[in-house]
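Breakdown of the fold
Single-letter residue listing:
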Amino acid sequence: MGKYKQAAAGQAGLDGLGAGNVVSLDGGKRVRMDDRVDFWPGTQAWQTVVGGPDGPASGIGMKSLLAYLKRMREAEGRSVGPPPPRAADREVICNYCGKPAELHDGLAVYPDRKDLQDRQFWVCWSCDAWVGCKSGADEPFGELANEELRAVRISAHEAFDPVWEPRHSHRLRGQPSGVGRDSCDLPPNRT
């Protein structure tokens, strides 16, 4: 149960969904959420175990699952608001609407990515835009990105990372590259 946030009455909850019920089943291969949906983290597939007002439902991905749970709660009169923001010393403005963005932890933005729980993100929920922060700080990496820009950035990383990373992996490991300064196109060393 450690990977899920604790909510009221000792139940695990998900950040924008409040005091929901999350139970790990089948040794963690399946998760039951809100006593109505089974979710398989390995495949990102989900399906209802109790039909909603529209009957049975299923889908792929945490985003569609959370959208379904939000619709069901709203149909029951239990509206779901955005998760509460973190306190911040700086102000970041959304480059889409011009309103202040809010600082949130990684699970508020990516509830299915436990590896991002300690990261911070600046978010504009109304524009569906966000940007990550530098490690251990609330300084954004750049401007907020909506879904379209995020897709472009992901494509750029997929194209350039395989080229860039092998050439600069020595920087990541702290090892010399074995390439002499004279063989690089660098200005003379002025020490």
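**Some remarks on the overall build of the protein chain**
A tally of regular secondary structure across the protein chain gives 3 helices and 10 strands. Counting helices and strands in the order they occur from the N terminus, the protein chain gives β-β-β-β-β-β-β-α-β-α-β-β-α. Burial analysis of the protein chain (191 residues in total) assigns 31% to the buried set. Long-range contacts, defined as pairs at least 24 residues apart, comprise 26% of the intrachain contacts of the protein chain with a sequence gap of at least 6.

**Some thoughts on unusual backbone geometry**
Although it is not a glycine, Gln44 sits at a positive phi angle of roughly 65 degrees. Tracing the chain through its elements places Gln44 in the loop between β5 (37-40) and β6 (45-48). The phi dihedral of Asp128 falls on the positive side, at around 55 degrees, and the residue is not glycine. The topology assignment puts Asp128 in the loop between β9 (120-124) and β10 (129-132).

**A word on the sheet that holds β10**
The 3 strands lie next to each other as β8-β9-β10, forming an open sheet whose pairing is antiparallel. With partners counted over all chains shown, the strands left at the sheet margins are β8 (102-105) and β10, one partner each. Looking at each pair of strands side by side, their axes are set apart by 30 degrees on average, direction ignored. As judged from the 4 bridges shared by β9 and β10, these two strands associate in the antiparallel manner.

**Section: the pattern of salt bridges**
Tallying each qualifying case throughout the model produces 6 salt bridges. Asp38 is the partner of Arg32 in a salt bridge, and the nearest nitrogen-oxygen pair spans 2.6 Å. Between Arg150 and Asp128 there is a salt bridge; the shortest N-O distance is 3.6 Å. Of this pair, Arg150 sits in helix α3 (residues 147-173) while Asp128 sits in the loop between β9 and β10, and the two are 22 residues apart along the sequence. Take Arg150: its relative accessible area is 12%, and that puts it in the buried class.

**Comments concerning the environment of Leu107**
With respect to the helices and strands, the residue Leu107 is situated in helix α2 (residues 106-109). By relative accessible area, Leu107 is classed as buried at 11%. Remark: the alpha-carbon pair of Leu107 and Asp118, spanning 11 residues in sequence, is separated by 8.3 Å.

**Remarks on the confidence of the model for the protein chain**
The pLDDT averaged across the protein chain works out to 76; a share of 74% of its residues lies at or above 70. The low-confidence segment residues 1-16, where pLDDT is below 50, has 40 contacts with residues more than four positions distant or belonging to other chains.

**Comments concerning the side chain of Thr48**
Here Thr48 lies in strand β6. Owing to a relative accessible area of 11%, Thr48 belongs among the buried residues under this scheme. Excluding anything up to four places from it in sequence, Thr48 contacts Arg36, Val37, Pro56, Ala57 and Tyr68.

**Some points on the nonpolar core**
Membership of the largest hydrophobic core is limited to 12 residues, which are Val22, Val31, Met33, Val37, Phe39, Trp46, Met62, Leu65, Leu66, Tyr68, Leu69 and Met72. When residues of this core are traced back to their parent elements, those giving at least two are β4 (30-33), β5 and α1 (62-75). Residue contributions to this core peak at 6 residues, all from α1. Counting residues in hydrophobic clusters, the runner-up holds 10 residues, among them Ala101, Cys124, Cys133 and Leu144.

**Some words on the pairing of β5**
Strand residues, when the strand is regular, have side chains that alternate between the two faces of the sheet. Alignment of β4 against β5, held across 3 bridges, turns out to be antiparallel. Bridge pairing in β5 links Met33 to Val37. Counting the residues in the hairpin turn of β4 and β5 gives 3 residues, including Asp34, whose phi is positive at 55 degrees. As defined by bridge partners, β5 adjoins β6 across 4 bridges and the pair is classed as antiparallel. For Asp38, the partnering residue across the bridge sits in β6 and is Gln47.

Rules used in this analysis
Residues numbered from 1 in each chain as written. Predicted model: local features only at pLDDT ≥ 70, side-chain atom pairs only at ≥ 80, totals over all residues. Heavy atoms only, no water. Helix = DSSP H or I, 4+ residues; strand = E, 2+ residues; numbered from the N terminus. Buried < 20%, exposed > 50% of the residue type's maximum accessible area, 1.4 Å probe, protein only. Contact = heavy atoms within 4.5 Å. Pairing = 2+ DSSP bridges. Axes fitted to C-alpha atoms, helices over the stretch in contact; angles between N-to-C directions. Salt bridge = Lys/Arg side-chain N within 4 Å of Asp/Glu carboxyl O. pLDDT = per-residue confidence, 0-100. Core = buried A, V, L, I, M, F, W, Y, C linked by side-chain atoms within 4.5 Å.

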